[in-house]
Amino acid sequence: IENVATGDTWFGEDALARGLCDELATADDVLLDFVDKGYDLYEVAYDPTPVGAGAFSLPRSSSADKAGMNGWRGVLKSMVRGVVSDVKEEIVSELSSSMNEM
């Protein structure tokens, strides 16, 4: 753990090489894997955009809003928080198991 608990941040191939992740995949790869395993996938759209999410959405005049993508950044931020929370719990569990084995 001393080799990675340095305050540095590693992404992609560097994280994989250090054993900080199991594999590299795109969000599409992960979602398609869930579909292959029989899970149902749903898309969530907010209309109107929730109060407070405006800081994360694109301006109303943007072409992205015309494509129906207003507010996607707030949704993405919420999803990332959920994943980070799950990963944190898994890491804490693994570290606790490792410490108990010592």
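Overview of the structure. (Residues numbered from 1 in each chain as written. Predicted model: local features only at pLDDT ≥ 70, side-chain atom pairs only at ≥ 80, totals over all residues. Heavy atoms only, no water.)

### Concerning the overall build of the chain
Assigned secondary structure in the chain consists of 4 helices and 0 strands. Moving toward the C terminus, one meets the helices and strands of the chain in the order α-α-α-α. Of all 102 residues assigned to the chain, the portion counted as buried reaches 10%. Here the analysis covers contacts within the chain between residues at least 6 apart in sequence; of these, 6% occur between residues at least 24 apart. Put simply, the chain shows about 8900 Å² of open surface, and 55% of that area lies on carbon and sulfur atoms. (Helix = DSSP H or I, 4+ residues; strand = E, 2+ residues; numbered from the N terminus. Buried < 20%, exposed > 50% of the residue type's maximum accessible area, 1.4 Å probe, protein only. Contact = heavy atoms within 4.5 Å. Areas by Shrake-Rupley, 256 points an atom, 1.4 Å probe, with all protein chains shown as cover.)

### A short note on the environment of Leu-24
Inspection of the secondary structure puts Leu-24 in the loop between α1 (12–17) and α2 (27–36). C-alpha of Leu-24 to C-alpha of Gly-12: the two residues are 12 residues apart in sequence and 6.6 Å apart in space.

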